[in-house]
Structures are given as structure tokens and as C-alpha cells.
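Notes for the structure review
Chain by chain, the residues run as shown.
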Amino acid sequence: MERLHARYPFLTAAREAVEAAGVDLADLVAAGGQPVERGLDRVESAITDGTVGDPHRTPRVELLSYPVARVLVSLVDRPELTRVYARAEAATAHERLRSDVEGEALKSTAGGEMTVERLLAEFDLDRDVDLDEDGARVGVSAYLRLAADLDGEEWRLAVRDLSDGWVPVEREELYALLRAAVRDRVTEGLPLPVPEAVAGNLESEREAIESALADYDSPRGIDLVVPGLFPPCMRALLDRARSGEDLPPNSAFALLSFLTGIGMDRDEVAALCDLDPEAVEYRVSRLRGENGGDYPPPSCATMQVYGDCVNKDDLCEEIPTPANYYARRIDGVEDPTDWRETLDAD
Ligand code: SF4
């Protein structure tokens, strides 16, 4: 089992490596220990901070933790967990791909090295993507499939150049499209059927994930709006929105998902952000998409990636998400002043 497989455990070669090693999942789970602990960490980290946590130092443990994590996600069997977990695996793969391709390519004696070309071949995209110096041209069918769930209006085909059935993309955009392909690969087959014998040995891990999910869900039901108690990052984004700045797509989604996550409806968001209700309609409707909650409130880790984690205070050191920060600040607050009455004073 190679380091490359541990870094990209969704690869066909990684699955084959596990099979070739003769690892039986039931025996692995029955034995417990590091692969199970790391598998649980993968899922809990996906819930709390949108990542899969720190990799285990041993490639074998790291690789085996991936099928364990998939079993745990299947045992809980909640669509929002599957979505959050797949996005976390994809976000981690995205960062690793960028690092491996733009730094010194990751080399592994038997597993080869990770390259964009290798990932394209893995997802049968090699004939749909034509690489060039600045990025690539992507066949329109593949583009539409991969960009369908990406955040931001810039992904809509209507605003892209289209020439002879190809859509030009920059290098960073190509990584984002590959992230979508990884997310789809991770989601494939979930939930898995889990034999009783395996489920019985993972009862405490399943309960731990249910508990983490309950903590994650609860801030979304706060239904109490006190802008003065918002986390520093959201106060900063709100100030920028109210001053008329057109926020970058990721920042706008972060702010809107936070505000809708604490129970505000579209008109309230528009009033608080000093925007025309029509101006927020498109993004809020996407936040609350057909499947509900497709864009959960962001984690602090995600906010940091996009440079929106600013003005941190002491409480920031103790919480995984801006919503958790707000839940802590709002705890015990009763009968607050109506937030509309505070707007003119801001
Ligand atoms: S640590 Fe989290 S809550 Fe605090 S400012 Fe950064 S993103 Fe916001």
C-alpha cells in the first residue's frame, strides 16, 4: 500500500491495493484500533470543519480508514452526512492535488505519481479535457456535468466562452471541476449495505457521529437574530455587504448560508444586508435548493481558505464553525432588541 493510495484513497488503484492485501472489512472492524479510530476521525472532521482531519502517519492505516469511514457514513445513512462527507473528501483531494502538482510531484515507488493527467484518466475525462499552458478546454457535456453543483454564477454556461463545443477554463477552475469529480466518486454507492456483524462492532462510532451531527444541526435552529453577537468574520462580511460592496461568490455564500442557517428568511436577509430582495433571491434559493441545505453554513477552516476569517477573538479558539460561535454567544440571551431597530445605529 503506497503513500499515493493513502493520499487519494478513492482511486481505483487504491481499492485494488486493499483487495490485493487480502484485507477483510469485517475482520478489520472487529479488530478495531487505528484504522477504525482514523475512519471515525475522517467523518467527525467532515462534520465539524469540512476536512477529513490530519492523515495518520502510517499509509496503511490512512488507506484502510477510508473504507471504514464509508461504512460509518452508510450506517448513519443521512443524506446530509453523505453530502458533507463527500465534500470534505473532495476538498482534501483538491488541496493535495494542487500541492502535488504545483509543488514537487508526489512520487511513490510502485504507485506512480499524482498528475492532472492521471486524475483525468481515473475519471474517464482524458478525452473530454484538453490541457494547455494556462488551464484547459473542457468538452461542454463534461463541463455541464461537473460544474452543475459548483457555487457561483461564474460557472453558468451562459457567462462562459464556448467555442466548437469546448469551454476554456483556468488551471484553478480545472482543479475545482476535478474536485466535483472526486465528490461524485466518493458519493457513488453510498449508503453501502452493511452486514449485521460489521454494524454491531461499530455501534459506539455510529453514536459518536450521530452526536456530532446533532451539535452541527443545532445552531441552524437558533432562530434568534442579534447582529452584535455575530462572529467577527460575519460582522466583517455584513459590514462590507451593507456598505455596498459586491462580495466575491464564496464570501456571499458564506454570509447568506450563515444568516439563513440561524433562521432568517429571504426578506430578512435582504433587509439586514441592505439589498434589494430580488438581489438575494437567486443565491438564497440555491442555498435552500431542492435537496435542502446544499450549502451548509461554512466551517472556520473553509473561511480561512477564502481569507474571510478575520478579527478572531478568544472564543474563536474554541469553536469549529461561525454558527457554533454564535450559538455560544447567544446562549442565555432572552428577549433581545429587534435587530431592525439596531440597523440605523450601525
Ligand atoms: S475563527 Fe471562525 S468564527 Fe472566528 S472569525 Fe474565524 S471563521 Fe469566524
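Values in this document were obtained by computation on a predicted structure and should not be read as measured data.

**Brief notes about the environment of Arg 98**
Residue position: Arg 98 is located in helix α6 (residues 79-102). The sequence separation of Arg 98 and Tyr 175 amounts to 77 residues, and the corresponding C-alpha distance is 7.3 Å.

**Digging into the sheet that holds strand β3 (residues 129-131)**
What the three strands build is an open sheet, ordered β3-β4-β5; its pairing is antiparallel. Whereas interior strands pair on both sides, the edge strands pair on one side only; in this sheet they are β3 and β5 (166-170). The sheet shows a mean angle of 25° between the axes of neighbouring strands, direction not considered. The strands touched by helix α9 (residues 171-187) are β3, β4 (135-139) and β5; relative to β5, the strand with the most contacts, the crossing angle is about 105°.

**Thoughts on the environment of Ala 323**
Note on placement: Ala 323 falls in helix α17 (residues 322-330). Each C-alpha atom, one on Ala 323 and one on Ser 299, is 8.3 Å from the other, the two residues being 24 residues apart in sequence.

**Section: unusual backbone geometry**
Following Leu 190, the chain continues into Pro 191 via a peptide bond in cis, with omega recorded as 0°. Relative to the elements of secondary structure, Pro 191 occurs in the loop between α9 and α10 (196-200).

**Description of the side chain of Arg 96**
Position of Arg 96 relative to the elements: it lies in helix α6. It turns out Arg 96 is buried and unbridged, and the closest side chain with the opposite charge, Glu 62, is 4.3 Å from it. Residues in contact with Arg 96, not counting those within four places in the same chain, are Ala 6, Arg 7, Tyr 8, Pro 55 and Glu 62.

**Let's talk about the packing of aromatic side chains**
The full count for this structure, using the stated rule, is six aromatic pairs. Consider the rings of Phe 230 and Tyr 326, whose centres lie 5.3 Å apart with planes at 80°: the pair is edge-to-face. Of the two residues, Phe 230 sits in the loop between α11 (203-217) and α12 (232-242) while Tyr 326 sits in helix α17, which places them 96 residues apart along the sequence. Judged on exposure class, the residue Phe 230 and its partner Tyr 326 are both buried. Owing to a relative accessible area of 0%, Tyr 326 belongs among the buried residues under this scheme. These aromatic residues form a ring-pair network of at least three members: Tyr 8, Phe 10 and Phe 123. In this structure, Arg 137 is placed above the aromatic ring of Trp 166, and the distance from its NZ or CZ to the ring centre is 4.3 Å.

**So, the nonpolar core**
Formed by 66 residues in total, the largest nonpolar core has its most connected members in Phe 10, Val 43, Leu 125, Leu 177 and Leu 178. When residues in this core are grouped by element, the largest group, 10 residues, is from helix α5 (residues 59-76). Excluding residues within four positions of it along the chain, Leu 125 makes contact with Leu 120, Ala 142, Arg 145, Leu 146, Leu 178 and Ala 181. One finds Met 234, Leu 238, Leu 259 and Tyr 326 within the second-largest nonpolar core, a separate group that totals 24 residues.

**A word on the pairing of β4**
Across the five residues of β4, four count as buried, placing the element largely inside the fold. Direction of pairing for β3 relative to β4: antiparallel, over a ladder of three bridges. Looking across to β4, one finds that Leu 131 is bridged to Ala 136. Where β3 folds back onto β4 in an antiparallel hairpin, the turn is made up of three residues. Relative to β5, β4 runs antiparallel, the two being bridged by five bridges. Note that in β5 the partner of Gly 139 across the bridge is Trp 166.

**Remarks on the confidence of the model for the protein chain**
The predicted model of the protein chain has a mean per-residue pLDDT of 84, with 85% of residues at 70 or higher. Mean pLDDT per element in the protein chain: strand β1 (residues 107-108) is the minimum at 44, and α5 is the maximum at 96. Note on residues 105-111: pLDDT under 50 across the span, and 21 contacts to partners over four residues away in sequence or across chains. Here residues 289-294 is a poorly scored stretch, pLDDT under 50, and it has 10 contacts once near neighbours within four places are set aside; other chains count.

Parameters at a glance
- Residues numbered from 1 in each chain as written.
- Predicted model: local features only at pLDDT ≥ 70, side-chain atom pairs only at ≥ 80, totals over all residues.
- Heavy atoms only, no water.
- Helix = DSSP H or I, 4+ residues; strand = E, 2+ residues; numbered from the N terminus.
- Pairing = 2+ DSSP bridges.
- Axes fitted to C-alpha atoms, helices over the stretch in contact; angles between N-to-C directions.
- Contact = heavy atoms within 4.5 Å.
- Buried < 20%, exposed > 50% of the residue type's maximum accessible area, 1.4 Å probe, protein only.
- Lys, Arg positive; Asp, Glu negative; His and termini not counted.
- Salt bridge = Lys/Arg side-chain N within 4 Å of Asp/Glu carboxyl O.
- Phe/Tyr/Trp six-rings, centres within 6.5 Å; stacked < 30°, edge-to-face > 60°.
- Lys NZ or Arg CZ within 6 Å of the ring centre and 35° of its normal.
- Core = buried A, V, L, I, M, F, W, Y, C linked by side-chain atoms within 4.5 Å.
- pLDDT = per-residue confidence, 0-100.

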